[in-house]
Amino acid sequence: MLNTVYRLVAPRRFEVEFNDIDLHSGQIVVRPTHLSICHADQRYYQGIRPAEVLKEKLPMALIHEGLGEVVYDPTGTFHCGDSVIMIPNTPVEHDEIIAENYLRSSKFRASGFDGFMQEHVALAPDRVVPLDDSIDKVVAAFTELVSVSVHALRRFDSIAHARRNVIGIWGDGNLGYITAIFFKAMFPESALYIFGVDQEKLSQFSFADDTFSVTDIPKDLLIDHAFECVGGDASQKAINQIIDHIHPEGTISILGVSEYPVPINTRMVLEKGLRIFGSSRSGREDFLKTVELYHKHPEIIGYLSNIVGAQIEIRNIADMNLAFETDIHKSIGKTIMIWNR
Amino acid sequence: MVFGVILAGGIGSRMGNVEKPKQYLKVGNKPIIIHTIEKFFMHDAFTKLIVLCPKQWIENTRNLVKKYLGDGAEHIAVLEGGSTRNETIMNSIAYIEKEYGIDDDTLIVTHDSVRPFLTYRIIEENIRYGMEYGAVDTVIPATDTIVESQDGKVIASVPDRTRMYQGQTPQTFKAKKLKELYLSLSEEEKKILTDASKIFVIKGEQVYLVEGEVFNIKITYPYDLRVAESLIQDQKSGK
């Protein structure tokens, strides 16, 4: 079936192209309804990835956070009209040890191949997770981002030692906020401190036990483990600050993406015997766990709806540009495209 | 009930030196008509899809449908078209009456078989507004200035472009109403019909506009075929 694909062909320029979806391939066909813009999409849209990366990847459809409705399923797993969250990670092999999102052979939507800015998306049946009507679809649009936090928290649970009295999260943006919400749901016994730069943003973390400005952290404040949700140029400062304020043998979970290598104080990492682990992306299990947590802790949806920014109905390419430009000028929050293509 | 009516009745005399009607030419690696049928096939609102084509192409069309849609072919009836576009539509209504019966809300979404680039949204809005208003036409704002001439030699008028639209398809109608209006037309009135929405217009009925797409092109000339071919792009290999 001919399918309209909206590919970014150059920074700030989307163009219409078509592909042909094979209805006999065993894949299901989903019509996107709610798509959410991520920083990674913005780096392509604004052309701030290195020129050689842009040259290699474009033209490509952006967006890896989204949900839609099943319109065709030759496997009989779903009914037409079922809401499903789409999983962008697309493994081509299974490994006993290495998770699907770390296999170097796995492909990822809007990074290795076309993302969700399409009229229809063809996916393997295990690349979608059902979503019932009780969950707000606008919030569920960025479940992928949420599942990355859930993935990191599940890894934290398996890696970090058992003393978890005080946990710190660095970063007062979307990722820090989401990680904090789910940390509280998954580890309610621990005290949670948030470290950020913007008092306005920090005030949103009403469920945390305390918040601190990174320019004004008490010298004697110590934490057992930490999450870095900062990324970019500020990664270096955040990670070294964590190293200063963490107890020996604590773990540091790094989630923030940085375009360039980050110098860190390895001497103190050695002296304190710290464990630093990275987390990136997520797999099917993380999506299932995330949806389970939505149901188990309904208050989470309320907290997440606080970071829904603009909702923009998309009927044409001008609307797509409007959504991306609006997203650039926000201070916090997720821009959601109500996809009507 | 909603029916998809795909009009493939034309012989394609404008296509130049090709033997097949244009809807049977391949774009990508499938015949154009199959691309078009697949777009309708994907929409679960349709009780049945009705494809109307020239008599001598019926068997070939059935074979193509079976080849490309497999078991889905049961969902598609291939019938003979009529002598004109509107007669072809009347054939589809006659089939619906016979097989399913017809009532005030029976809706037909009629579409040119040579417009394979229509989108889910266009179909969806045709059905939604068709149900609500009874008659829908798919249009895009005119980009070229439209010039009217009575004799083909000099301009008679230049209508305000901001009020001009170019008609595409689908066109969607309440089938019973369409049939009633069509049968009430004189032969003279029938002669000046270039499409079905005009039946409503000349009878003073309202036709609602649905926004089409610039790329929802009608493959009419060899040039269009090349444009269509170039629009279908898989991503660069090696990604």
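Bear in mind the structure is a predicted one, so any value in this text is a computation, not a measurement.

### Concerning the overall build of chain A
Secondary structure assignment for chain A yields 11 helices and 18 strands. Along the three orthogonal principal directions, the C-alpha set of chain A runs to about 65 × 40 × 35 Å. When each of the 341 residues of chain A is scored for burial, the buried share is 45%. Taking as baseline every contact in chain A between residues at least 6 positions apart, the subset at least 24 positions apart corresponds to 73%.

### Examining helix α2 (residues 58–69) of chain B
All names here are of chain B. Look at α2: 16 Å from first C-alpha to last across 12 residues, which is about the 16 Å you get at 1.5 Å a residue. All buried positions along α2 are accounted for by Thr 61, Leu 64, Val 65 and Tyr 68. Seen end-on, α2 carries its buried residues on one side only, within an arc spanning 100°. Along α2, the residues that are exposed and aim more than 90 degrees away from the buried face are Glu 59, Asn 63 and Lys 67. In this fold, the buried residues of α2 make contact with β3 (30–31), α1 (32–41), β4 (46–53) and β5 (76–80). Taken from the residues just after α2, Gly 70 is the one with a positive phi, measuring 55°.

### Observations regarding the domain arrangement of chain A
The figure often quoted for interface size is the accessible area lost as the parts come together. When its domains are assigned, chain A resolves into domain 1 (2–141 + 307–339) and domain 2 (147–278). When each unit is reduced to the centre of its C-alpha atoms, the spacing between domain 1 of chain A and domain 2 of chain A is 29 Å.

### Some points on the packing of helix α4 (residues 143–159) of chain A against helix α5 (residues 174–186) of chain A
All names here are of chain A. Relative orientation of the contacting elements α4 and α5 amounts to 50°, with a least axis distance of 9 Å. Regarding the angle of α4 to α5, the classification is oblique. For the element pair α4 and α5, the recorded crossing hand is right-handed. Touching Leu 145, Val 146, Ser 149, Val 150, Ala 152 and Leu 153 of α4 are Asn 174, Leu 175, Ile 178, Thr 179, Phe 182, Phe 183 and Met 186, all from α5. Along the lines of polarity and charge, the residues of the contact of α4 with α5 split into 10 nonpolar, 3 polar and no charged.

### Concerning the sheet that holds strand β9 (residues 208–211) of chain B
Residues and elements named next belong to chain B. Read from one edge of the open sheet, 7 strands run β5-β4-β1-β6-β8-β7-β9, paired in mixed fashion. Of all the strands in the sheet, the pair left with one neighbour each is β5 and β9. Strand-to-strand, the axes of this sheet are offset by a mean angle of 30°, without reference to chain direction. Two elements, strand β1 (residues 2–7) and β4, share 6 bridges in a ladder whose sense is parallel. Along β4, the bridge assignment pairs Leu 7 with Leu 52. Where α2 meets the sheet, it contacts β4 and β5, and its direction lies at approximately 165° from that of β5.

### What to know about the interface of chain B and chain A
The interface of chain B with chain A comprises 19 residues on the first partner and 23 residues on the second. Contributions of two or more residues to the side of chain B that touches chain A are made by α1 and α4 (120–133) of chain B. Here the element with the most residues in the side of chain B that touches chain A is α1 of chain B; it accounts for 3 residues. Its residues assigned to classes, the side of chain B that touches chain A shows 7 nonpolar, 6 polar and 6 charged.

Calculation notes
Residues numbered from 1 in each chain as written. Chains lettered and ligands numbered in written order. Predicted model: local features only at pLDDT ≥ 70, side-chain atom pairs only at ≥ 80, totals over all residues. Helix = DSSP H or I, 4+ residues; strand = E, 2+ residues; numbered from the N terminus. Buried ≥ 20, exposed ≤ 12 C-beta atoms within 10 Å, placed from the backbone. Contact = placed C-beta atoms within 7 Å. Expected span 1.5 Å × (residues − 1). Arc of directions from axis to C-beta. Domains from an automatic or database assignment. Axes fitted to C-alpha atoms, helices over the stretch in contact; angles between N-to-C directions. Parallel < 35°, antiparallel > 145°, perpendicular 65-115°, else oblique. Left-handed = near helix turned anticlockwise from the far one by under 90°. Nonpolar A, V, L, I, M, F, W, Y, C, P; charged D, E, K, R; others polar. Pairing = 2+ DSSP bridges.

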